[in-house]
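The primary structure of each chain is shown beneath.
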Amino acid sequence: MPLFIVNHQHSAETCPAGDPARGVMLLNHLSLSSAARHGVLIKGEAVAQGSNSLFLIVEAADEAVLQAFLAPLRQIGNVEVTAAMTCAAMVSSGGDGRPVDASPEFLDPADACQDAIEAGILIHSVNPLNGETSVPGLAGGAVMPNGRFYLRNHFDIPKVGSDSYRLSIGGLVERPLNLSMRELHNLHAESQVVTLECAGNGRSLFDPAVPGEPWGLGAVSTAEWTGVRLTEVLERAGLRPGASELTFRGADSGVVGGHGTPVRFERGLSLDQVRETDALLAYEMNGEPLSRPHGYPLRLIVPGWYAVASVKWLTEIVVTDKPCGAYYQAEKYWYHWVRNGQAERAPVKLMNVRALISSPDEGEKLPRGEIAIRGVAWSGAGSISRVDVSLNGGPWRAARLVGERRRAAWQWWELITRLEQTGPLTVRARATDTAGRTQPEHAEWNRLGYGNNSIHSVTAQVI
Ligand SMILES: Nc1nc2c(c(=O)[nH]1)N[C@H]1C(S)=C(S)[C@@H](COP(=O)(O)O)O[C@H]1N2
Ligand SMILES: [Mo]
């Protein structure tokens, strides 16, 4: 809805506040519920001290609706209405204040960004919408509220219709399929709690700096995903001889460096990888239909893999005998190292083992006495077997693992300890997984900044 700023001024003599009955009448008229009855949503209100001047920030279908609501104010003074926009809309317009074309095919970037800001997401870019969650906000429940789940998009967020939607499965199959959402819902439903982490999480901590989204540590979140096992759908389609690879195609596309024509967001997996990971075609996130930014109406979830594999707005699966050669498979999401003077590379696959400290927060003031140090830990290669914590460079102490152990979801951990001395307290946490992997002091630098699982360190103050 359009946004407006209202400025109402009156003289000291006509000020209704001095007259209890009129003052109260106006208060009631300007209340949220009364405004809503007039079709006006009040987002904020304040009276400037000492100037008989009232400001309102409101939403209304159009200015006429708003003017009708403001009639009582016009009787006692002056009313000025200015068309306005949110800061998110201003930033998404590139600063010229002209709203971005609200195309019916894409989510309005300013609205999507505003929702993310209101949920507490730290925005990295508006269009495409990228934002991370706060590390202290990771802890709380087994999963996270959907609104606080980090957002990573390469292109505009497509508005895929649910009635017209079909998932097509073609290529080397016996029976090409075109499944509606209703048909997918009629198949056996499975739920899995799965942690998604962007391969670039922690990128901004690499030194020297690398290009790409400057993620802090909050490009990771956990949800319970519900949908249909990918293998079940593949069995229905029936694989033809030679079938060994799959390409997953998202509905989104855009222009990328070095390519003249727009590319689709596409990723591949081998059939073995699909079976090993128990990949899911998910339509629900924490019991709610997927939101548009997270892939409505259907996304792939590949447990254990960096989240680039979990293609959103999935519309097509193509079965082939050759690995997927798409841009985001072949040109991006590779580790590029220089080892002993030799260039080496490897594709980004499983998430590295990693622990994050959610409490205390960086710079937090802690009273002396007993405290709980808490956080989460996860790995793509297995479940977490231990988390060790070191205080002020002291010996590693085993933290307690809390809650269920799940294969591809993060594990909570905590260490209860006593703080006797005041001053800085540096907490470090290091996870080890059941595959025997643990975290390096400093993750190996790579050109595109993927897989940074350096040991997390937080410094608080004991007072
Ligand atoms: N279709 C499509 N799928 C996608 C992406 C995308 O840009 N388009 N981004 C990928 C990347 S890099 C990540 S980290 C995750 C982010 O998922 P989220 O936004 O639900 O957190 O989606 C993956 N799937
Ligand atoms: Mo990502």
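This is a predicted model, so every value here is computed, not measured.

S.K.: Explain the site of ligand 1 here, please?
M.R.: As a structural note, the neighbourhood of ligand 1 is formed by 18 residues, with Y150, H154, D252, H294 and K312 the closest of them. Within the side chain of K312, one N or O atom sits 2.6 Å away from an oxygen atom of ligand 1. Burial of ligand 1 by the surrounding chains reaches 100%, relative to a free accessible area of 540 Å². In a pocket analysis with a 2 Å cut-off to the grid points, ligand 1 is assigned to the largest cavity. Taken together, the residues of the shell around ligand 1 break down into ten nonpolar, four polar and four charged.

S.K.: Honestly, the domain arrangement of the protein in this entry has me stumped. Any pointers?
M.R.: Quoted interface sizes are often the accessible area lost when the parts come together. As assigned here, the protein comprises domain 1 (3-84), domain 2 (146-332) and domain 3 (354-462). Taken over C-alpha atoms, the centre of domain 1 sits 52 Å from the centre of domain 3.

S.K.: What's the story with the nonpolar core in this structure? I'm lost.
M.R.: Soluble globular proteins tend to bury their nonpolar side chains together. Counting residues in each nonpolar core, the largest one holds 70 residues, and the members touching the most others are L184, L230, F248 and L300. The dominant element in this core, judged by the number of residues it contributes, is helix α8 (residues 230-237), at four residues. Each of domain 2 (146-332) and domain 3 (354-462) gives at least three residues to this core. Setting aside chain neighbours within four positions, we find L300 in contact with L230, F248, L269, A279, L280, L281, A309, S310, V311 and L314. Within the second largest apolar cluster, 23 residues are counted, among which are I357, I373, W413 and L425.

S.K.: Explain the packing of aromatic side chains to me, please; I cannot follow it from the model alone.
M.R.: Any two aromatic rings considered together are summarised by their centre-to-centre distance and by the angle between their planes. Taken as a whole and judged by the stated rule, the model has eleven aromatic pairs. With a centroid separation of 5.6 Å and 20° between ring planes, the pair formed by F149 and Y150 is classed as stacked. Seen in terms of ring centroids, W378 and W410 are 6.3 Å apart; in terms of plane orientation they differ by 50°. Their pairing is tilted. On the criterion of sequence distance, the pair formed by W378 in strand β21 (residues 369-378) and W410 in the loop between β24 (400-402) and β25 (411-419) is long-range, its members being 32 residues apart. Using a relative accessible area of 3% as the deciding quantity, one classes W410 as buried.

S.K.: Can you help me understand the pairing of strand β10 (residues 220-229) in this one?
M.R.: Looking along a regular strand, one sees the side chains alternate between the two faces of the sheet. Where burial is concerned, most of β10 is hidden: eight out of the ten residues are buried. Of the strand pairs in this sheet, β10 and strand β13 (residues 280-285) are connected by five bridges, and their pairing is antiparallel. The partner of W225 across the bridge, within β13, is M285.

S.K.: Before we go on, may I ask you to explain the layout of surface pockets in this structure?
M.R.: Summary: where empty space remains is shown by rolling a probe the size of a single water molecule over the atoms. The calculated volume of the largest pocket comes to roughly 610 Å³. Lining of the largest pocket is provided by 24 residues; of these, M1, M85, T86, A89 and D111 occupy positions nearest its centre. Every element with two or more residues in the lining of the largest pocket is listed here: β1 (3-9), β3 (53-60), α5 (87-92) and α6 (109-118). The element that contributes the greatest number of residues to the lining of the largest pocket is α6, accounting for six residues.

S.K.: Please explain the sheet that holds strand β7 (residues 167-171) as it appears in this structure.
M.R.: Strand pairs in the sheet, formed through backbone hydrogen bonds, run parallel or antiparallel to each other. Here we have five strands laid out as an open sheet, ordered β8-β7-β16-β11-β12, and mixed in their pairing. Unpaired on one side and paired on the other, β8 (177-179) and β12 (263-270) mark the two borders of the sheet. Taken pair by pair, the neighbouring strands of this sheet meet at an average axis angle of 20°, ignoring direction. The pairing of strand β11 (residues 245-254) with strand β16 (residues 314-320) spans six bridges and is classified as antiparallel. Its bridge partner being in β16, F248 is matched across the sheet by I317. Contacting β7, β8, β11 and β16, α8 crosses the sheet at an angle of about 135° to β8.

S.K.: Please explain the environment of L366 as it appears in this structure.
M.R.: Mapped onto the elements of the fold, L366 is located in strand β20 (residues 365-366). When the C-alpha atoms of L366 and G295 are compared, they prove to be 40 Å apart, with 71 residues separating the residues in sequence. If near-sequence neighbours (up to four positions away) are discounted, L366 is found in contact with P360, I371, L419, L425, A460, Q461, V462 and I463.

Basis of the calculations
- Residues numbered from 1 in each chain as written.
- Chains lettered and ligands numbered in written order.
- Predicted model: local features only at pLDDT ≥ 70, side-chain atom pairs only at ≥ 80, totals over all residues.
- Heavy atoms only, no water.
- Near = heavy atom within 4 Å.
- Polar contact = N/O pair within 3.5 Å; in protein donor to acceptor, adjacent residues only side chain to side chain.
- Areas by Shrake-Rupley, 256 points an atom, 1.4 Å probe, with all protein chains shown as cover.
- 1 Å grid on protein atoms, 1.4 Å probe; cavity = no way out; pocket = protein on both sides within 12 Å on 5 of 7 lines; lining within 4 Å.
- Sits in = over half its atoms within 2 Å of the grid points.
- Nonpolar A, V, L, I, M, F, W, Y, C, P; charged D, E, K, R; others polar.
- Domains from an automatic or database assignment.
- Core = buried A, V, L, I, M, F, W, Y, C linked by side-chain atoms within 4.5 Å.
- Buried < 20%, exposed > 50% of the residue type's maximum accessible area, 1.4 Å probe, protein only.
- Helix = DSSP H or I, 4+ residues; strand = E, 2+ residues; numbered from the N terminus.
- Contact = heavy atoms within 4.5 Å.
- Phe/Tyr/Trp six-rings, centres within 6.5 Å; stacked < 30°, edge-to-face > 60°.
- Pairing = 2+ DSSP bridges.
- Points joined across faces, edges and corners; volume = space filled by probe spheres on them.
- Axes fitted to C-alpha atoms, helices over the stretch in contact; angles between N-to-C directions.

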